[in-house]
Amino acid sequence: MDVGGPLIQLDEAVLKSLRDRDPHFLAELFCNLNPYLLKMAGSRRVFGEHAEEIVCQTWATFFENIESFEGRSEVKTFLGGILINKIREERRSQARTTSEEDPETVMSHSFTPEGWWKREPPDPSRLLSRKQTGTAIKNCLEGLSSNQKEAFILKEVDDLESASICNILGVSVTNLGVLLFRAKEKLRRCLEGNINLEGY
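As a convention, each chain's residues are numbered from 1 in the sequence order in which they are written. This being a predicted model, a pLDDT of at least 70 is required before a residue's local features are given, and a value of 80 or more before pairs of side-chain atoms are given or counted; all residues contribute to the totals for chains, interfaces and linings. Side-chain metrics in this entry use all non-hydrogen atoms of the structure; hydrogen atoms and water are not considered.

### A closer look at the overall build of the protein
Basically, it comes down to this: The numbering of helices and of strands both runs from the N terminus, where a helix is a DSSP run of H or I of at least 4 residues and a strand a run of E of at least 2. Whether a residue is buried, partly exposed or exposed follows from its accessible area with a 1.4 Å probe, protein chains only, as a fraction of its type maximum: under 20%, in between, or over 50%, in that order. When checking whether two residues touch, look at their non-hydrogen atoms; a contact exists if any pair is within 4.5 Å. All accessibility values rest on the Shrake-Rupley procedure with a 1.4 Å probe; residue burial counts only the protein chains present in the view.
Per the secondary structure count, the protein includes 9 helices and 0 strands. Looking at the protein as a whole, 32% of its 200 residues are labelled buried. In the protein, the proportion of contacts linking residues at least 24 apart, taken out of those at least 6 apart, comes to 70%. Surface summary for the protein: the accessible area is close to 13,100 Å², and the carbon and sulfur share equals 53%.

Spelled out as structure tokens, the structure:
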């Protein structure tokens, strides 16, 4: 049974393997799709151990609910939807409980007991232009509505097909087209404004 390729093609054999929790099939499924989920997490600024943790939570939720998976979307799309919801839930929770970090904790993370940098920061002058550009893009993305931003990232960063994006966001193809058009127009106007303001 082939589970390779960019999408897991659904048929009765695949659905049976999922519902029977075939260990060989699930191991191959994990190897095929875990890198994609880590990349998707990274495109939402979730990296390293944090990304691995949230991807593990995604797989756990998938395996817990595997019997209810009806095959209306590809497995990749289904997992992507779970991951996005996990990240959203975590950020909503963090927003409710945000507090200032203890200065002693910040110091211990940044400096050795002798007062030296644990990792010396890069030369600011070399990164200034790149940082300004990155900040402008980040700020412009934050100016989009939640659905516009998610649609844009899924299409342009994650490189998903329109049908998969529609399944994840729960919108029609027409609505997706509108979301992408408005997102790109807002980004274009915002970036042009930032470029003019910053004298590029």
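Once the structure has been displayed, the description carries forward.
### Observations concerning helix α1 (residues 12-19)
Put simply, the rule is: What the arc covers is the set of directions going from the helix axis to the C-beta atoms.
Inspection of α1 places V14, L15, S17 and L18 among the buried residues, and these make up the whole buried set. Taken around the axis of α1, the buried residues stretch over an arc of 160°, which confines them to a single face. Those residues of α1 that are exposed and aimed more than 90 degrees away from the buried face are E12 and K16. Two residues or fewer past α1, R21 is found with a positive phi of approximately 55°.

### Considerations on the pattern of salt bridges
Stated formally: Whenever Lys or Arg places a side-chain nitrogen within 4 Å of a carboxyl oxygen from Asp or Glu, that contact is recorded as a salt bridge.
Tallied over the entire structure, the rule returns 10 salt bridges. In this structure, R45 engages E142 in a salt bridge whose closest nitrogen and oxygen atoms are separated by 3.7 Å. With R45 in the loop between α2 (23-42) and α3 (48-64) and E142 in helix α6 (residues 124-142), this residue pair connects regions lying 97 residues apart in the sequence. You can call R45 partly exposed: its relative accessible area is 46%. Note that R188 and E185 form a salt bridge whose closest N and O atoms lie 2.8 Å from each other. Of the two residues, R188 and E185 are both situated in helix α9 (residues 173-198); the distance of 3 residues between them amounts to about one turn of the helix. Looking at R188, the relative accessible area reads 37%, which means it is partly exposed. By relative accessible area, which is 24% here, E185 ends up partly exposed. Several salt bridges share partner residues, and in doing so they unite R44, R88, E150 and D158 into one network.

### Considerations on the packing of aromatic side chains
Rule in force here: Between 30 and 60 degrees the pair is tilted, below 30 it is stacked and above 60 it is edge-to-face, where a pair is any two Phe, Tyr or Trp rings, Trp via its six-membered ring, whose centres lie within 6.5 Å.
Counted by the stated rule, this structure contains 7 aromatic pairs. Arranged with centres 6.1 Å apart and planes meeting at 80°, the rings of W59 and F62 form a pair that is edge-to-face. Here F62 and W59 lie together in helix α3, a separation of 3 residues that amounts to about one turn. This pair shows no difference in class: W59 is buried, exactly as F62 is.

### Some points on the environment of F69
Structurally, F69 can be placed in the loop between α3 and α4 (75-97). A sequence separation of 54 residues divides F69 from L15, and the C-alpha atoms of the two residues are 8.3 Å apart.

### Here we look at unusual backbone geometry
For R45, which is not glycine, the phi torsion reads 60° and is therefore positive. Here D159, not a glycine, exhibits a phi torsion of approximately 60°, which is positive. Residue class for D159 comes out exposed when judged on its relative accessible area of 62%.

### Description of the state of the cysteines
Test applied: Cysteine sulfur atoms are paired as a disulfide whenever they fall within 2.5 Å.
All told, the structure shown has 1 disulfide when counted by the stated rule. The disulfide partner of C140 is C190, and the S-S distance across this bridge is 2.1 Å. Between C140 and C190, the S-S dihedral sits near -80°, and the bridge is therefore left-handed. Of the two residues, C140 sits in helix α6 while C190 sits in helix α9, which places them 50 residues apart along the sequence.

### Notes on the nonpolar core
Heads up, the condition is: Only buried Ala, Val, Leu, Ile, Met, Phe, Trp, Tyr and Cys residues count toward a nonpolar core, and they belong to the same one when joined by side-chain atoms within 4.5 Å.
By size, the foremost hydrophobic cluster in this structure holds 36 residues, and its most contacted members are L18, L29, W59, F62, V75, L83 and L154. Mapped onto this core, the elements with two or more residues apiece are α1, α2, α3, α4, α7 (146-157), α8 (162-169) and α9. Setting aside its immediate chain neighbours within four residues, L154 contacts M40, R44, I84, D159, L160, I165, I168 and L169.

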